[in-house]
Amino acid sequence: MPISPHVLLPRVPYGQGLSAGPSGAAAPVTSQGAEPVAPGAAELLAVPFSPDREPEIELPLPPAALLAHYEAKGEAGEIVEVPVANGDGVGRVLLYGVGDGTASALRKAGAAVARRGKGKEALRIVLPEGPVAAFTEGALLATYTFRMSETTSEPVRLEFVGEEAADEVARGRVVAEAVALARDLTNTPSSVKSPAWLAERALEHTVGEGDGWKISARVWDEEALKSGRFGGILAVGQGSVTPPRLIRLSYEPEGATGHVVLVGKGITYDTGGLSLKPTDNMKFMKTDMAGGAVVIAVLGALASLGVRVRVTGLVAAAENAFSGAAQRPSDVITQYGGRTVEVLNTDAEGRLVLADALAYADAELDPDVMVDVATLTGAISIALGKGLGAVFASDDALAAELIEAGEGSGEQLWRMPLIDDYVPALESSVADLSNIEAGSAYGAGSITAALFLREFTGKRPWAHLDIAGVGRSGADEGVLSKGATGYGVRLLLEWLSRR
Ligand code: BES
Ligand code: MN
Ligand code: ZN
């Protein structure tokens, strides 16, 4: 069976293009100075470029003159290719701009450089000054590809030059590999990706222990979900031949400073159920577990980044299938904790599985903060497009922290309102709540979805990230490649590292 090889790698997978060595190998950072930095035949050399910086290699003209000649400004993402003497022949060197040298500039510069290595065997990159982790992250992410077939071309091997930045490079690599794992899981077709498969991958990539940390897991199968009264997850999963799972991953560092619960929507395929989606909308729905993939990938990277806070990840995994066993519009279900919900639209399934997980976390896990990540509503991409994630939060400080982490990590968030005026939209005449607005008096589908979730969060500080717009990219561009983006991994790792 053609399976993407990196999905099956133990513990930490690498995007094919991440060109890492064997699992866990140290980043190939070499020192500059010992050997001359010169481009070989099948490889390419890249050097940071700014008018007032002494270049690492001998250039045909002073940097400022080269900049002027190529009409370049040294902006992040700008690259000029210059000929240099190489033994008896002529070699080529990529001079890359670093802009203002901030993390976001270097991330962009890294991505631009790495993209120019396409088709090459190796790309040696002299590291810039400044936040090198962001640069490394950008370079590695830009070379990510996902294929379910044998690849004919080997991905470019990235080699970073500048050993004083080895720690930063390693950090960038950990983050990039976590994003690659989330992308791999999300890009995997649903014929492979059942809820049970997702649970196996989650355990494989997270459970373990090391110096001062431990990750343990529990998986609820359909029997355990029934006895635990997880009525939302069961109702969504009941129409599928691949039954649902609830996955709990517990990261416990020694001397933890607090407890964060992350909840991910893990719909392994969303047909809409009996409220069937049209083909053009349905074809992207293998990515409807992107939030769950983010939670798994984040849990897998916490130990390597030395995160000090206790983190519990919950992934509510189910396939929203179309079948004779599926739930019907107008069915009434009982969520975890006893609240009843009239299911007026079976395509509003994400909130049903998330409600169980949130209510469970509130009742059983006593977190300081809960954050859920979900491809929840198509409406959010109409509001914010494909470049901004949405954050809804019951707590202003939490919203501010997440937005700041988003800015630092290059995954921008925009705050959306949880307005009480719209709460009546979710009234039902037969149950405690309805899962969609029955009429059209209020509209604002993303807000009413968030308000539905809020009902299950108790009085706890909680944030909801709607990533339906940003979870999938239509093109290879910057740090993104066509398909899953892994959006949320970088921002949550940044947020948890700061806590
Ligand atoms: N998984 C979808 C949301 C989605 C849409 C994600 C487009 C990614 C891209 C979600 O389950 C859904 O179907 N939401 C409905 C809600 C509606 C029935 C109230 C939607 O957005 O149409
Ligand atoms: Mn749906
Ligand atoms: Zn969905």
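Residues numbered from 1 in each chain as written. Chains lettered and ligands numbered in written order. Predicted model: local features only at pLDDT ≥ 70, side-chain atom pairs only at ≥ 80, totals over all residues. Heavy atoms only, no water.

1. Concerning the site of ligand 1
Around ligand 1 there are 15 residues in total, and K277, D288, D347, E349 and G378 lie nearest to it. Within the side chain of K277, an N or O atom sits 2.7 Å from an oxygen atom of ligand 1. Interatomic distance of 3.4 Å between a backbone N/O atom of L376 and a nitrogen atom of ligand 1. Look at ligand 1: alone it shows 520 Å² of surface, and the protein chains cover 74% of it. (Near = heavy atom within 4 Å. Polar contact = N/O pair within 3.5 Å; in protein donor to acceptor, adjacent residues only side chain to side chain. Areas by Shrake-Rupley, 256 points an atom, 1.4 Å probe, with all protein chains shown as cover.)

2. A word on the packing of aromatic side chains
Following the criterion strictly, the structure yields 8 aromatic pairs and no others. Ring centres 5.8 Å apart and planes at 65° place the aromatic pair W220 and F230 in the edge-to-face group. Separated by 10 residues along the polypeptide, W220 in strand 8 (residues 213–220) and F230 in the loop between helix 6 (222–227) and helix 7 (231–237) bring together distant segments of the chain. Chaining the aromatic ring pairs together yields one cluster made of W220, F230, Y336 and Y360. The ring of F284 is capped by R472, whose NZ or CZ atom sits 3.5 Å from the centre of that ring. (Phe/Tyr/Trp six-rings, centres within 6.5 Å; stacked < 30°, edge-to-face > 60°. Helix = DSSP H or I, 4+ residues; strand = E, 2+ residues; numbered from the N terminus. Lys NZ or Arg CZ within 6 Å of the ring centre and 35° of its normal.)

3. Observations regarding the domain arrangement of the chain
According to the domain assignment, the chain consists of domain 1 (6–180) and domain 2 (188–498). Averaged C-alpha coordinates put domain 1 and domain 2 at centres separated by 35 Å. Contact with domain 1, which involves 23 residues of that partner, is made by 28 residues of domain 2. Between the two partners, domain 1 and domain 2, sit 1 salt bridge. Residues E137 and R490 are paired through a salt bridge, measuring 3.6 Å at the closest nitrogen-oxygen approach. Along the contact surface separating domain 1 from domain 2 lie 6 residue pairs in polar contact (both at pLDDT 80 or more). The set of elements that each furnish at least two residues to the side of domain 1 that touches domain 2 consists of helix 2 (103–115), helix 3 (132–142) and helix 4 (166–187). For the side of domain 1 that touches domain 2, the element with the highest residue contribution is helix 4, accounting for 5 residues. (Domains from an automatic or database assignment. Contact = heavy atoms within 4.5 Å. Salt bridge = Lys/Arg side-chain N within 4 Å of Asp/Glu carboxyl O.)

4. Concerning the UniProt feature "active site" (unreviewed entry) in the chain
In the numbering used here, UniProt assigns the "active site" (unreviewed entry) feature to K277 and R351. The contacts of K277, once residues within four sequence positions are left out, are D270, T271, G272, M282, M285 and D347. Residue position: R351 is located in helix 10 (residues 350–364). Those residues within four positions of R351 in sequence are excluded, and the remaining contacts are L376, T377, N435, I436, A449, F452 and L453. (UniProt positions renumbered as here; feature names shortened; annotations may be inferred.)

5. What about the sheet that holds strand 14 (residues 369–374)?
Hydrogen bonds between backbone groups are what pair the strands of a sheet, and the pairing can be parallel or antiparallel. Taken together, the 9 strands give an open sheet; going across it, the order is 7-8-9-11-10-14-18-15-16, and neighbouring strands pair in mixed fashion. Each of the sheet's edge strands pairs with one partner strand only, and the pair in question is strand 7 (208–210) and strand 16 (413–415). Ignoring which end each strand starts from, the neighbouring axes of this sheet average 20° apart. Sheet topology note: the strand 7/strand 8 ladder contains 3 bridges and is antiparallel. Pairing of G208 across the sheet is with I215, part of strand 8. Across the sheet, helix 5 (residues 195–206) is in contact with strand 7, strand 8, strand 9 (245–253), strand 10 (259–270) and strand 11 (310–320); its angle to strand 9 comes to roughly 10°. Strands in contact with helix 10 are strand 8, strand 9, strand 10, strand 11, strand 14 and strand 18 (462–466); relative to strand 10, the strand with the most contacts, it is inclined by about 155°. (Pairing = 2+ DSSP bridges. Axes fitted to C-alpha atoms, helices over the stretch in contact; angles between N-to-C directions.)

6. Details of the coordination of the zinc ion (ligand 3)
Binding of the zinc ion (ligand 3) to the protein goes through K265 (NZ), D270 (OD), D288 (OD) and E349 (OE), at separations of 2.0 to 2.4 Å. Taken together, the 6 donor atoms coordinating the zinc ion (ligand 3) span angles of 78 to 173° at the metal, a pattern that classifies the geometry as octahedral. Along the chain, the residues donating to the zinc ion (ligand 3) are arranged with the sequence spacing K-x4-D-x17-D-x60-E. A separation of 3.1 Å is found between the zinc ion (ligand 3) and the manganese ion (ligand 2), which are bridged by D270. Of this pair, D270 sits in strand 10 while E349 sits in the loop between strand 13 (340–343) and helix 10; the two residues are 79 residues apart in sequence, bridging distant segments of the chain. For the pair shown, D270 and E349 are each scored as buried. (Donors = N, O, S within 2.8 Å, 3.2 Å for Na, K, Ca; no water. Tetrahedral: all angles 85-135°; square planar, octahedral: opposite > 155°, others 65-115°. Buried < 20%, exposed > 50% of the residue type's maximum accessible area, 1.4 Å probe, protein only.)

7. What to know about the coordination of the manganese ion (ligand 2)
Geometry sets the ideal angles at a metal, namely 109.5 degrees for four tetrahedral donors and 90 or 180 degrees for six octahedral donors. Surrounding the manganese ion (ligand 2) are the protein donor atoms D270 (OD), D347 (O), D347 (OD) and E349 (OE), which sit 2.1 to 2.2 Å from the metal. Around the manganese ion (ligand 2), the 6 donor atoms are arranged such that angles at the metal cover 70 to 168°; this shape is classified as irregular. In terms of primary sequence, the donors binding the manganese ion (ligand 2) are separated according to D-x76-D-x1-E.

8. With respect to the sheet that holds strand 12 (residues 331–334)
Ordered in space as 12-13-17, the 3 strands form an open sheet in which the pairing is mixed. The open sheet is flanked by strand 12 and strand 17 (433–434), the only strands paired with a single partner. Relative to strand 17, strand 13 runs parallel, the two being bridged by 2 bridges. From the neighbouring strand, V341 faces strand 17, where its bridge partner is L433.

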